Amino acid sequence: MSTILKEKKFDLAVSTLNDEISKSALAEISNLEFPTRRTENWRYVKLGKLLKQDLKTDNVADLDISDFLIPELNTHVIVLVNGHYNETLSSSTPSAGLLIDRLENQKDTDLFTSHYNTLSEKHSEEIFTSINTAYNQDGVFIHIDKNKHIEKPIFIININTSSNLITNTRNLIVIDKGAKASIIQGYYTTSEKGNFNNSLTEVFVKQNANLSIDKIQDIDATDKHICTEEIHQEKDSNFKINTFILNGELIRNNVNISVDGTNCHSEMNGLFIGRDSQFIDNHTRVDHLKSHCISSELYKGILKDKSTGVFNGKVIVHQDAQVIEAYQQNNNVILSDSATMNTKPELEIFADDVKCSHGATTGQFDEEAIFYLQARGISKVRAKEMLIGAFSEDVLAKINNQNVRNFIESRI
Amino acid sequence: MKYTEDHLKVELENQEYEYGFTIDIESDKAPNGINEGIIRFISAKKEEPQWLLDYRLNALKVWQSMEEPDWAHVSYKKPEFQDISYYSAPKPKKELESLDEVDPEILKTMERLGISVDEQKRLTGVAVDFVIDSVSVATSFKEKLGELGIIFCSFSEAVKNHPELVQKYLGTVVPTTDNFYAALNSAVFTDGSFCYIPKGTRCPMELSTYFRINESGTGQFERTLLIADEGSYVSYLEGCTAPQRDENQLHAAVVELVAMDNAEIKYSTVQNWYPGNKEGIGGVYNFVTKRGICETNAKISWTQVETGSAVTWKYPSCILKGDNSIGEFYSVAVTNNYQQADTGTKMIHIGKNTKSTIISKGISAGQSHNSYRGLVKIGKGAQNARNFSQCDSLLMSDRCGAHTYPYIECENSTAHLEHEATTSKIGEDQIFYCKQRGVSEEKAIGLIVNGYAKDVLNKLPMEFAVEARKLLEISLENSVG
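What you see is a predicted model, and the numbers here were worked out from it, not measured in a lab.

### Notes on the overall build of chain A
Here comes step 1: Broken down by element type, chain A carries eight helices and 20 strands.
Here comes step 2: Relative to a compact globule of 412 residues, whose C-alpha radius of gyration would be 22 Å, chain A shows 21 Å and is just as compact.
Here comes step 3: Seen through its principal axes, chain A has C-alpha atoms that stretch 65 × 50 × 45 Å.
Here comes step 4: Considering only contacts in chain A between residues 6 or more positions apart, those separated by 24 or more positions represent 85%.
Here comes step 5: Placing the 43 positive and 57 negative side-chain charges of chain A at their respective mean positions leaves the two points 3 Å apart.

The following block contains the structure:
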């Protein structure tokens, strides 16, 4: 094991979901090095602080969650407090074909065993993925039955109430053939500080199914969050994930989609706003394994103060995956001389009948546009706000639900 | 007969290397291997001063502490560094005054390359510094350049005649510690070219060096140092073809450019080392470190046409240190059969109002892999820096690969950065459009490939563009048209 991790004592219990998988994950961790600036995938990330902290786990029974709900939006609510599934706070109206449960309770079902860890084991070389597999303590299981359309969004609220907390939340979502659902994931912190969340969600979108996820990360400015989504798409399926990063000291998102069926549509969008000395890192990876698929990606970043943003998009078109269209777009605005943006849009193409493109820009707001607005009696501050609004618009427009959109806009 | 992409593919695969032949010149070789003794041998052989020997020995120490990098998207059998002879030179002869004194074997080689020195001298006004197996044997137009104070000679001559210039600038742009191959080169380089353009001088002709790898089992370690003093201008051409061989040959060159205030350097390369046969056997390993540094208002422009080598690993870079300096990179890289290329550029913006442009065009055919890897870095103090990058890939077969790995790092709020990349195969609709207008499919494909690379080819100096087109034709266009 990397000596750093060996010396570091986490107060963690090994996951009981599947002893064999936990054991092999532990073995994997012992072979892995803790990522440094020389690790290509973690090139820009400063993780040193994480190791200096003493982290612990905690569980809280009761809490007022009204602050975190989205106004005027009726949803199934699942609440995880400090990484623990809280049944008293969660409320979901029973609907046909919808199963929401604690992951632990499902561990003996066929659905669980045929899906759990099948996606993340491919990325077990990522140390945080293996840590989650080995030490996950709780999480959500969602299953939508065949051909069922769940109209009401499912809202998963993750709240940290403690300080110096470490959580390894593990979720498993299976959208069966022809089913449709939308999920909102919120990550929040109440007043306490210095938490570290390492969450991992495995998502299966079966044949002709349709899933959209809106992810809101609004944790404390001293909290760190490493958030991984592993997605598997079967043929004719649609998947969309919108990520909104509003606050947090260090946020790293890994979205890995493997498009394993023909005629799929995959979409990833993101908007991040960095202030103070925040660090925001978005890694996406799309593996096109089958023909006739489209993937598109739009990430926009606004960086203020001393914040640092990273975008690393990777599209891999495998051999024999023909007639693929893959688009990547990353636009960034830097508003301060101390802010940094690192962009790396990558394409790896092993097939020939493809249309792939990526575009990346980094710049600042047009002085002339600001002047134009000022000339019409709008203050400079207001003019900049308007331009930020306009800049964010493309990504916000990707949100299907108007209430969710209003909620996010109000938080920006 | 209907000409389709399949035909093109077949032709590309079957294409033999046209310039494959070897010259038989008795060499004065160093024993295989690398150690302090060998370094001292090379240095003594070349009658070098102590400071250069120290430089080499230091580089050897650095190199021995480094590991061979493996981050590039290429896979190859790593060279056995102890099986290479690091020095081989044609028999030392007395100073040459005219072409008559040049070894007739060499003249013959040049003729077969279609670049007879005689012809070159008379028709094109290009001064040719001919490098065969690491040691320069003929330099022309020297006198004419001498009148302007321009120094253009082999590296070893420069060490003898202008030690102060060499000592001052050697390793300032590419330090010994830069990377594995740069360190190796610094330890064992045998020869190369040296060029100095004095203040305010515009070099009246294109300076050109033709390289050839010869002598089986000899790695070629070229060292080029080009200094353009304040307000000067130079256009420098570098081109190469190599004989056909079954054994992998290592080529690890280092090129350093220094553009002082208001100077401009245009550096063009046509690279056509032996790429290996169609089963991917043999071919040259080309691991090159090229970098230039720009002072205030200076400009460095890299243009390259890469058609050869089994494995290429090359990133001509610009350090835009001075305010208002400009860096440019134009590249066409063609890979065929089992060739692998990982190439691109680095633009490091340090000064204010610095500008850089990157245009990279990759064409992959057969089972080859062609990667663009580039870095654009805007430092904190680089106010109003501007970069435009475009990297396109064209795919010719369903077994080849085209990859892009751009790194864009920005630490300044006034910078404007744009990057765009596309990957596609030759458009069916483009071919259809041409056919509709009475252009045959065969010609249409030629037209598209040609047009695709023209952006870059147009940046080459006149004299060189002809050769570049010729090489592109050999690699692709000829088989199309």
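### Side note on the interface of chain B and chain A
Here comes step 1: Listed by partner, the interface residues are 34 residues for chain B and 37 residues for chain A.
Here comes step 2: Summing the contributions of chain B and of chain A, the shared interface buries around 2,800 Å²; its carbon and sulfur component is 44%.
Here comes step 3: Summed over the shared surface of chain B and chain A, the result is two salt bridges.
Here comes step 4: Across the salt bridge formed by E409(B) and R43(A), the nearest N and O atoms sit 3.2 Å from each other.
Here comes step 5: Linking chain B with chain A are 19 residue pairs in polar contact (both at pLDDT 80 or more).
Here comes step 6: If you list the elements that add at least two residues to the side of chain B that touches chain A, you get β23 (401–410) and β24 (416–425) of chain B.

### Details of the pattern of salt bridges
Oppositely charged side chains may form a pair once their charged atoms are brought near each other.
Here comes step 1: Evaluation of the coordinates by the stated rule reveals 32 salt bridges over all chains.
Here comes step 2: A salt bridge links D394(A) to K300(A); the nearest nitrogen and oxygen atoms lie 3.1 Å apart. Separated by 94 residues along the polypeptide, D394(A) in helix α7 (residues 380–396) and K300(A) in strand β16 (residues 293–303) bring together distant segments of the chain.
Here comes step 3: E346(A) is the salt-bridge partner of K344(A), the closest N and O atoms lying 3.2 Å from each other. Accessibility classification places K344(A) together with E346(A) in one group, the buried group.
Here comes step 4: Three or more residues are tied together by salt bridges with common partners; here these are R43(A), K377(B), E409(B) and E411(B).

### Quick look at the nonpolar core
Here comes step 1: I78(A), I142(A), I144(A), L211(A), F239(A), V317(A) and L207(B) are the most contacted members of the largest nonpolar core, which has 96 residues in total.
Here comes step 2: Contact partners of F239(A), with chain neighbours within four places excluded, come to V203(A), V205(A), L211(A), I213(A), I231(A), Q233(A), I257(A), H265(A), S266(A) and E267(A).
Here comes step 3: Membership of the second largest hydrophobic core comes to 53 residues, among which are L60(B), V173(B), Y285(B) and W313(B).

### What to know about the environment of K459(B)
Residues and elements named next belong to chain B.
Here comes step 1: As for its position among the elements, K459 is in the loop between α11 (441–457) and α12 (462–480).
Here comes step 2: Between the C-alpha atoms of K459 and H416, which are 43 residues apart in sequence, the distance is 24 Å.
Here comes step 3: Not counting residues up to four positions away in its chain, the partners in contact with K459 are K266, T303 and Y330.

### Topic: the environment of K122(A)
All names here are of chain A.
Here comes step 1: With respect to the secondary-structure elements, K122 resides in the loop between α4 (110–115) and α5 (127–135).
Here comes step 2: A residue is classified by how much of its surface remains accessible, and K122, at 53% relative accessible area, is exposed.
Here comes step 3: Taking the C-alpha atoms as reference points, K122 and E230, separated by 108 residues in sequence, lie 9.7 Å from one another.

### Observations regarding the confidence of the model for chain B
Residues and elements named next belong to chain B.
Here comes step 1: With 73% of its residues at a pLDDT of 70 or more, chain B has an overall mean of 76.
Here comes step 2: In this model residues 477–481 is a low-confidence stretch, pLDDT under 50, and it forms 16 contacts with partners more than four residues away in sequence or in other chains.
Here comes step 3: Our summary of model confidence lists the complex with pTM equal to 0.80 and ipTM equal to 0.77.

### A few points about unusual backbone geometry
Here comes step 1: Look at H292(A): it is not a glycine, yet its phi comes out positive at around 60°.
Here comes step 2: The backbone of V323(A) shows a phi angle near 50°, a positive value even though the residue is not glycine.

### Notes on the confidence of the model for chain A
Here comes step 1: In this model, chain A carries an average pLDDT of 87, and 97% of its residues clear a pLDDT of 70 or more.
Here comes step 2: Per-element averaging of pLDDT across chain A places helix α1 (residues 3–7) of chain A at the bottom with 58 and β16(A) at the top with 93.

### Side note on the packing of helix α2 (residues 19–31) of chain A against α5(A)
All names here are of chain A.
Here comes step 1: With their axes 8 Å apart at the nearest point, α2 and α5 run at an angle of 145° to one another. For the pair α2 and α5, the crossing hand works out as left-handed. Contact residues: α2 offers I21, S22, A25, L26, E28 and I29, while α5 offers S130, I131, T133, A134 and Y135.

### Digging into the pairing of strand β19 (residues 340–349) of chain A
Here comes step 1: A large share of β19(A) lies buried, amounting to ten of its ten residues.
Here comes step 2: Going residue by residue along β19(A), you find T340(A), N342(A), K344(A), E346(A) and E348(A) tucked away on one face and M341(A), T343(A), P345(A), L347(A) and I349(A) tucked away on the opposite face as well.
Here comes step 3: Across ten bridges, the pairing between strand β17 (residues 308–317) of chain A and β19(A) is parallel. Residue pairing for β19(A): G309(A) is matched across the bridge by M341(A).
Here comes step 4: Pairing of β19(A) with β23(B), which is carried by six bridges, proceeds in the antiparallel orientation. Across the sheet, residue E348(A) finds its bridge partner in β23(B), namely H403(B).

### Observations regarding the packing of aromatic side chains
Residues and elements named next belong to chain A.
Here comes step 1: Counting across every chain of the model gives 16 aromatic pairs over all chains.
Here comes step 2: The interplanar angle of 40° and the centroid separation of 5.2 Å between the aromatic rings of Y299 and F311 together place this pair among those described as tilted. Here Y299 is found in strand β16, whereas its partner F311 is found in strand β17, with twelve residues between them in sequence.
Here comes step 3: When its relative accessible area of 0% is taken as the criterion, F311 is described as buried.

### Considering α7(A)
Residue and element names in this part refer to chain A.
Here comes step 1: Spanning 17 residues, α7 covers 23 Å between terminal C-alpha atoms, matching the ideal 24 Å at 1.5 Å per step.
Here comes step 2: A383, L387, I388, F391, S392, V395 and L396 are the residues of α7 that are buried.
Here comes step 3: The secondary structure elements touched by the buried residues of α7 are β12 (238–247), β14 (265–274), β16, β18 (324–334), α6 (367–375) and α8 (402–411).

About the thresholds
The residue count restarts for each chain, going from 1 along the sequence in the order it is written. Chain letters start at A and ligand numbers start at 1, both assigned in the order the entries are written. Predicted model: local features are reported for residues with pLDDT of at least 70 only, side-chain atom pairs are reported and counted for 80 or more only, and whole-chain, interface and lining totals are derived from all residues. The side-chain figures draw on all heavy atoms in the structure; neither hydrogens nor water molecules are used. Labels follow the DSSP assignment, with helices taken as runs of H or I lasting at least four residues and strands as runs of E lasting at least two, numbered in each case from the N terminus. Radius of gyration: over C-alpha atoms. The globule rule applied is 2.2 Å multiplied by the number of residues raised to the 0.38 power. It only takes one pair of heavy atoms within 4.5 Å for two residues to be counted as in contact. Under the convention used here, Asp and Glu are negative, Lys and Arg are positive, and both His and the chain ends fall outside the count. In this description, the location of a charge corresponds to atom NZ of lysine, CZ of arginine, CG of aspartate or CD of glutamate. A 1.4 Å probe defines the accessible area here, and the buried area is the portion of it lost by two parts on being joined, summed over both. Any carboxyl oxygen of Asp or Glu that lies within 4 Å of a side-chain nitrogen of Lys or Arg is treated as forming a salt bridge with it. Here a polar contact means two N or O atoms within 3.5 Å. Within protein one must be a hydrogen donor candidate and the other an acceptor candidate, and residues neighboring in sequence count only if both atoms are side-chain atoms. Only protein chains enter the accessibility calculation, which uses a 1.4 Å probe; a residue whose area is less than 20% of its type maximum is buried, one above 50% is exposed, and one in between is partly exposed. What is meant by a nonpolar core is a set of buried Ala, Val, Leu, Ile, Met, Phe, Trp, Tyr and Cys residues, joined one to another through side-chain atoms within 4.5 Å. Note: pLDDT gives the predictor's confidence per residue, expressed from 0 to 100. Note on definitions: angles span 0 to 180 degrees between N-to-C directions of axes, and those axes are lines fitted to C-alpha atoms, for helices only across the stretch in contact. Less than a right angle of anticlockwise turn of the near helix away from the far helix marks a crossing as left-handed, whereas a clockwise turn marks it as right-handed. If DSSP finds at least two bridges between two strands, the strands pair. Centres within 6.5 Å make a pair out of two Phe, Tyr or Trp rings, where for Trp the six-membered ring is used; the pair is then stacked when the planes are under 30 degrees apart, edge-to-face when over 60, and tilted otherwise. Helix span is expected to be 1.5 Å times the residue number reduced by one.

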